[in-house]
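Examination of the molecular architecture
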Amino acid sequence: MAKSENRTLRALPAQSAEELSELKQKIRIHRLKILILIFIIVGILIGLLFAAFVYFENKVYTEYEVIEQIERRETEAAEYEEFQGNVLQYTQDGALYSSISGEVYWNQTYEMETPRITTCEDYLAIYEQGGSQIYIMNTIGLQGTIKTTIPVQRVSIAREGTVAVLMEDSQTSYIHMYNKDGKKLAGGELHIENSGYPLDLALSRDALKLAVSLLDIHDANVKSTVVFYNYGTVGQNKIDKIVGSYTYDDMIIPSIHFVTNDRLAAFGDTKVILYEGTQKPAVIKEIKCAGNIRSIYYDDTYFGLVYDDKSSAKGYVTDIYNLKGKLVLEQKFDMDYTHIGFLQNGLLCIRNEKSVQLYTMRGSKRFEYTFDRSIYDVISGSGQLDYWLILSGETDRIRLKDRF
């Protein structure tokens, strides 16, 4: 008969409260060390990322490599503009719209001494100051033509192809509205002795609002008036469809533009006035000019003014504002420029016949280069390193790179 074994469980000695407290303290210290280590690692990573951001943000590229090169037939005295991501080339004899790679979308012939282009989204109008013919185009091709009997002075186009046309004959100016087919929608007269001399007009993108800048000079006193018209239901019961008028003494306003559908910028010689309103635009901001304006430029996000740099014998300064009128950048540069404007990637492009400078909206110079041939346009690609250059005789796709 087998003997049964007696197994007795021996109780572990009880830990004192002091020992338990010490153990918990060691666990807390261990966890704290892990947490501190995590914070250190995260801090290092954030520091590295910030250092990389600062490095690339302030990095100036002075070289590039050609990724793709496309030969282009050169046309004498041609002008180039980017239009909806493609290239618009126009001369005295006609306009050619093509992809950057050279695929032709349309070719429109005309005869104009000095053709002008005005655009809005997918539409553009081609006209000549003092001429009588207007061509309404979009990305597909010709949509309509307008033949006037009075010399054309200014044209503004809306996103569906509607145009406002300012014409002048002797002491009377005329403003007519046409649809894209060339059908007259509305019209009126402005008599200089009563209203003043019209300097510019701007049509909103939906073609419901029209603004006109008028200059009045009497007895050596100068004043300008910005008049707003509404061609929607709001303007139906207003005299001459006028829904607002703003007069400024001792100021000339040669340029006005709807920077958005409901916001207009009036660029005067002493200040810039911003108006906003879906039906009756009202003043929301006035910006005093720092000096004589050499150039103005704008896109859907910012507008810029260029002055002579008073702090140096040579050079310029450009003040860039958002569309609410807040100053976001004051940038000095010393290039004798012929063109300044924003690229699609948000960079500021300053160029002349053979040189290009690119700046970020934080004021860092991104690229600077002088070419050995004429450069007609710069079109941004993807990101801030890829670009298309419209050069004499060819189009190059480039990527910015370091010198070494």
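Now for a description of the structure that goes with this document.

Calculation criteria
Residues numbered from 1 in each chain as written. Predicted model: local features only at pLDDT ≥ 70, side-chain atom pairs only at ≥ 80, totals over all residues. Heavy atoms only, no water. Helix = DSSP H or I, 4+ residues; strand = E, 2+ residues; numbered from the N terminus. Rg over C-alpha atoms; globule rule 2.2 N^0.38 Å. Buried < 20%, exposed > 50% of the residue type's maximum accessible area, 1.4 Å probe, protein only. Contact = heavy atoms within 4.5 Å. Lys, Arg positive; Asp, Glu negative; His and termini not counted. Charge placed at Lys NZ, Arg CZ, Asp CG, Glu CD. Pairing = 2+ DSSP bridges. Phe/Tyr/Trp six-rings, centres within 6.5 Å; stacked < 30°, edge-to-face > 60°. Axes fitted to C-alpha atoms, helices over the stretch in contact; angles between N-to-C directions. Salt bridge = Lys/Arg side-chain N within 4 Å of Asp/Glu carboxyl O. Patch = residues over 30% accessible without salt bridge, like charges linked within 9 Å, V, L, I, M, F, W, Y side chains within 5 Å. Areas by Shrake-Rupley, 256 points an atom, 1.4 Å probe, with all protein chains shown as cover. Polar contact = N/O pair within 3.5 Å; in protein donor to acceptor, adjacent residues only side chain to side chain.

To continue, consider the overall build of the chain. The secondary structure content of the chain amounts to two helices and 32 strands. For a compact globule of 404 residues, the expected C-alpha radius of gyration is about 22 Å, and the chain comes in at 32 Å, more than 25% above that figure. When its C-alpha atoms are laid out on the principal axes, the chain stretches across 135 × 60 × 55 Å. Looking at the chain residue by residue over its 404 residues, the buried ones come to 45%. Considering only residue pairs separated by 6 or more positions, the chain has 38% of its internal contacts joining residues 24 or more positions apart. Taking the 44 positively charged and 54 negatively charged side chains of the chain as two groups, their mean positions are separated by 13 Å.

Right, let's get into the pairing of strand β15 (residues 209–218). For β15, a buried count of eight out of 10 residues is recorded, marking the element as mostly surrounded by other parts of the structure. Following strand β14 (residues 197–203), the chain reverses through five residues before pairing antiparallel with β15; Ala207 in that reversal takes a positive phi of roughly 65°. Relative to strand β16 (residues 221–230), β15 runs antiparallel, the two sharing 10 bridges. In the sheet register, Leu210 faces β16, and the bridge partner there is Tyr229. Between the antiparallel neighbours β15 and β16 lie two residues, among them Asp219 with a positive phi of about 55°.

On to unusual backbone geometry. The phi angle at Gln84 is positive, at roughly 55°, despite the residue not being glycine. For Gln84, the position within the fold is in the loop between β2 (79–83) and β3 (86–90). With a relative accessible area of 43%, Gln84 lands in the partly exposed category.

Aromatic ring pairs are described here by two measures, namely the spacing of the ring centres and the angle between the planes. Applying the stated criterion to the full structure yields 20 aromatic pairs. Where Phe83 meets Tyr97, the ring centres are 5.5 Å apart and the plane angle is 65°; that geometry is what we call edge-to-face. On the criterion of sequence distance, the pair formed by Phe83 in strand β2 and Tyr97 in strand β4 (residues 94–98) is long-range, its members being 14 residues apart. The exposure class assigned to Phe83 is buried, which follows from its relative accessible area of 3%. When the centroid spacing of 5.1 Å and the interplanar angle of 65° are considered together, the rings of Phe228 and Tyr275 count as edge-to-face. Taken together, the residues Phe228 in strand β16 and Tyr275 in strand β20 (residues 271–276) connect sequence positions 47 residues apart. Note on accessibility: Phe228 and Tyr275 belong to one class, buried.

Two modes of strand pairing occur in sheets, parallel and antiparallel, and in both the strands are linked by backbone hydrogen bonds. Spatially, the four strands line up as an open sheet ordered β1-β32-β31-β30, and their pairing is antiparallel. Looking along the sheet, the strands with just one partner apiece sit at the ends: β1 (63–71) and β30 (375–380). Across the sheet, the mean angle from the axis of one strand to that of its neighbour is 25°, orientation sign disregarded. With eight bridges connecting them, β1 and strand β32 (residues 394–401) associate as antiparallel partners. Residue pairing in the sheet places Val66 in a bridge with Ile398 of β32.

A complete count under the given rule lists 13 salt bridges for this structure. Glu276 is paired through a salt bridge with Arg263; the nearest N and O atoms lie 2.4 Å apart. On the criterion of sequence distance, the pair formed by Glu276 in strand β20 and Arg263 in strand β19 (residues 263–267) is long-range, its members being 13 residues apart. On the basis of relative accessible area, Glu276 is assigned to the partly exposed category, the value being 33%.

Okay, the environment of Leu264 next. Tracing the backbone shows Leu264 in strand β19. Exposure remark for Leu264: the relative accessible area of 1% places this residue in the buried category. Distance in space between the C-alpha atoms of Leu264 and Val306 is 19 Å, their sequence separation being 42 residues. For Leu264, the residues in contact, after removing those within four places along its chain, are Ala202, Ala211, Val226, Phe228, Ile256, His257, Phe258, Ile273, Leu274 and Tyr275.

To continue, consider the sheet that holds strand β7 (residues 123–128). Read from one edge of the open sheet, four strands run β6-β7-β8-β9, paired in antiparallel fashion. Edge positions in the sheet fall to β6 (115–120) and β9 (142–147), since each of these pairs with one other strand and no more. Taken over all neighbouring pairs, the strand axes of this sheet differ in orientation by 20° on average, direction set aside.

Our focus in this paragraph is a nonpolar patch on the surface. Where nonpolar side chains cluster on the molecular surface, the patch consists of Leu32, Leu35, Ile36, Leu37, Phe39, Ile40, Ile41, Ile44, Leu45 and Leu48 and spans about 970 Å² of accessible area. Position of Phe39 among the secondary structure elements: in helix α1 (residues 17–57).

Tracing the backbone through its elements, the reader meets Ser355 in strand β28 (residues 355–359). Among the polar contacts listed, one links the side chain of Ser355 to the side chain of Thr370, at a separation of 2.9 Å. In this view, Ser355 contacts Met335, Ile350, Tyr369, Thr370 and Ile375; residues no more than four positions away in its chain are not counted.

With respect to the helices and strands, the residue Asn138 is situated in strand β8 (residues 133–138). Polar contacts involving the side chain of Asn138 include one to the side chain of Gln143, which spans 3.1 Å. If we skip the residues at most four places from it in the chain, Asn138 touches Phe83, Trp106, Asp122, Tyr123 and Gln143.

Bringing the environment of Ile379 into the picture now. In this structure, Ile379 sits in strand β30. Residue Ile379 is classed as buried on the basis of its relative accessible area, which comes to 2%.

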